[in-house]
Amino acid sequence: MMYYLYHIPGKKIGVTNDVEGRVVNQQGYDWDEFDILAMDEDISHISELELELQQKMGYRVEEKLYKDLFNNNNKQLNNMKINVTEATTTFPCPLDKLKGRLMDELGMQWETDHGEFTITQPTINWIMANVKTSMYNKDRCYIYNKAMAKYYDHDPHRNITIGTTHKADLERINDKHFNKSNINCDECDGSLFDCIRDWARERDLYEKGDPKTQYIKLMEETGEIGRAILKNDTDEIIDGIGDAVVVLTNLAELVGVPIEECMQTAYDVISKRKGKMINGTFVKEQPKTSYGRQRNTL
């Protein structure tokens, strides 16, 4: 088995035998956000090298060698034992009991690879807006550490950062998680995307849904849009586009990326494009090459 020593600049140096699974998927870093410093099949050598470089580069030095690590990530707060990994913090209670348990832990702190978190009223708000039920055990729930650190760090007063995926409004959160009331979008203080996600959660779509089935559903909706266009049926076109946006919102959530981030990424690319309309299609301008100017559609 091959072991990889990776470096996330400004964050940490670590070892894994699954770079994509641990660093990209679990911790949420893109491939261009970290470097592979070394690789070796000798776990002892790579473990010792990890500690040596952590010390030389001023990072937190692991208490144990990688080769000696066991799955013992339990941390005791005041009255609650949580489990902390590089990717997540898991709470040992179901969703409907979490708020009360967190209130009992006000002022408690725990360390993650993304920094130290403190339980305050605002951070409880954020946790309750973003926590997910474990797919393996419904009596446990978890948050993503990197996501919490991102918004935690943006607010020096430990309040909720404006622009997060989910609005930390306590009344709405309590209704959503505890009273299971139907949420009317006219009463939702978030965006339409927030309302769509609330609607989906009430129906356990994110708990029991699957990206592949949502993709199939998306193909069905785009087919309906096509038929509506051919029939010049404006009402059906509106309905089909709306349904497709709902499916895309849920698909994005199922793969762990907010729809807003997907849209922002796409816009960041197209906003810089230059080109012109040709036969009803926007044709982007490509740099000239020795073979002439290439043309690609949007």
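Please refer to the structure placed before this passage.
All values reported here derive from a predicted model rather than from experimental measurement.

A. Representation of the overall build of the protein within the structure. Broken down by element type, the protein carries 11 helices and 13 strands. Residue burial in the protein is summarised as follows: out of 298 residues, 36% are buried. Put simply, of all contacts in the protein between residues at least 6 apart along the chain, 53% involve residues at least 24 apart. Taken as a whole, the protein presents about 18200 Å² of accessible surface, with 50% of it coming from carbon and sulfur.

B. Seen up close, the sheet that holds strand E2 (residues 12-16). Pairing in this open sheet of three strands is antiparallel, and the strands run E2-E1-E3 from one edge to the other. Looking at strand neighbours, the two that pair on one side only are E2 and strand E3 (35-40), the edges of this open sheet. Adjacent strand axes in the sheet meet at a mean angle of 20° when their direction is disregarded. Bridging between strand E1 (residues 3-8) and E3 involves five bridges; their strand directions are antiparallel. The residue bridging His7 from the neighbouring strand is Asp35, located in E3.

C. Quick look at the pattern of salt bridges. All told, the structure shown has 10 salt bridges when counted by the stated rule. When salt bridges with common partners are traced through the structure, they connect Lys132, Asp198, Arg201 and Glu253 into a single cluster.

D. Molecular detail of a nonpolar patch on the surface. Among the surface-exposed residues, Tyr215, Ile216 and Met219 lie close enough to one another that they form a single nonpolar patch of about 310 Å² accessible area. Residue placement: Met219 occurs in helix H9 (residues 211-231). According to the relative accessible area criterion, Met219 is partly exposed, its value standing at 38%.

E. Spatial organisation of the pairing of strand E7 (residues 109-112). Residues Trp110 and Thr112 point to one face of E7 and are all buried, whereas Gln109 and Glu111, pointing to the other face, are not buried. Here E7 runs beside strand E8 (residues 115-118); their pairing, made up of four bridges, is antiparallel. Across the sheet, residue Glu111 finds its bridge partner in E8, namely Glu116. Where E7 folds back on E8, the antiparallel hairpin that results is connected by two residues.

F. Main features of a negative patch on the surface. The grouping of Glu220, Glu224, Asp235, Glu236 and Asp239 at the surface amounts to a negative patch. Those elements that place two or more of their residues in the negative patch are H9 and helix H10 (234-254). Element by element, the count of residues in the negative patch is highest for H10, at three residues. Checked against the element boundaries, Glu236 lands in helix H10.

G. Representation of the packing of H9 against H10 in the model. Where H9 contacts H10, the two axes come as close as 9 Å, and the packing angle between them is 165°. Classified by the angle their axes make, H9 and H10 are roughly antiparallel. For the element pair H9 and H10, the recorded crossing hand is left-handed. Each of Pro211, Gln214, Lys217, Leu218, Glu221, Ile225, Ala228 and Ile229 in H9 lies in contact with H10, whose residues at this interface are Glu236, Ile237, Gly240, Ile241, Asp243, Ala244, Val247, Leu248, Asn250, Leu251 and Leu254.

H. Molecular detail of the pairing of strand E6 (residues 88-91). Of the two faces of E6, the one carrying Thr88 and Thr90 and the one carrying Thr89 and Phe91 are both buried. Two strands pair when backbone bridges link them, and strand E5 (residues 81-84) and E6 are joined in this way by two bridges, in the antiparallel orientation. Looking at the pairing, Asn83 lines up with Thr90 of E6. The pairing of E6 with strand E10 (residues 141-144) spans four bridges and is classified as antiparallel. Opposite Thr89, over in E10, you have Ile143 as the bridge partner.

Rules and cut-offs
- Residues numbered from 1 in each chain as written.
- Predicted model: local features only at pLDDT ≥ 70, side-chain atom pairs only at ≥ 80, totals over all residues.
- Heavy atoms only, no water.
- Helix = DSSP H or I, 4+ residues; strand = E, 2+ residues; numbered from the N terminus.
- Buried < 20%, exposed > 50% of the residue type's maximum accessible area, 1.4 Å probe, protein only.
- Contact = heavy atoms within 4.5 Å.
- Areas by Shrake-Rupley, 256 points an atom, 1.4 Å probe, with all protein chains shown as cover.
- Pairing = 2+ DSSP bridges.
- Axes fitted to C-alpha atoms, helices over the stretch in contact; angles between N-to-C directions.
- Salt bridge = Lys/Arg side-chain N within 4 Å of Asp/Glu carboxyl O.
- Patch = residues over 30% accessible without salt bridge, like charges linked within 9 Å, V, L, I, M, F, W, Y side chains within 5 Å.
- Lys, Arg positive; Asp, Glu negative; His and termini not counted.
- Charge placed at Lys NZ, Arg CZ, Asp CG, Glu CD.
- Parallel < 35°, antiparallel > 145°, perpendicular 65-115°, else oblique.
- Left-handed = near helix turned anticlockwise from the far one by under 90°.

From the geometry alone we can't say anything about function, so treat these as descriptive.
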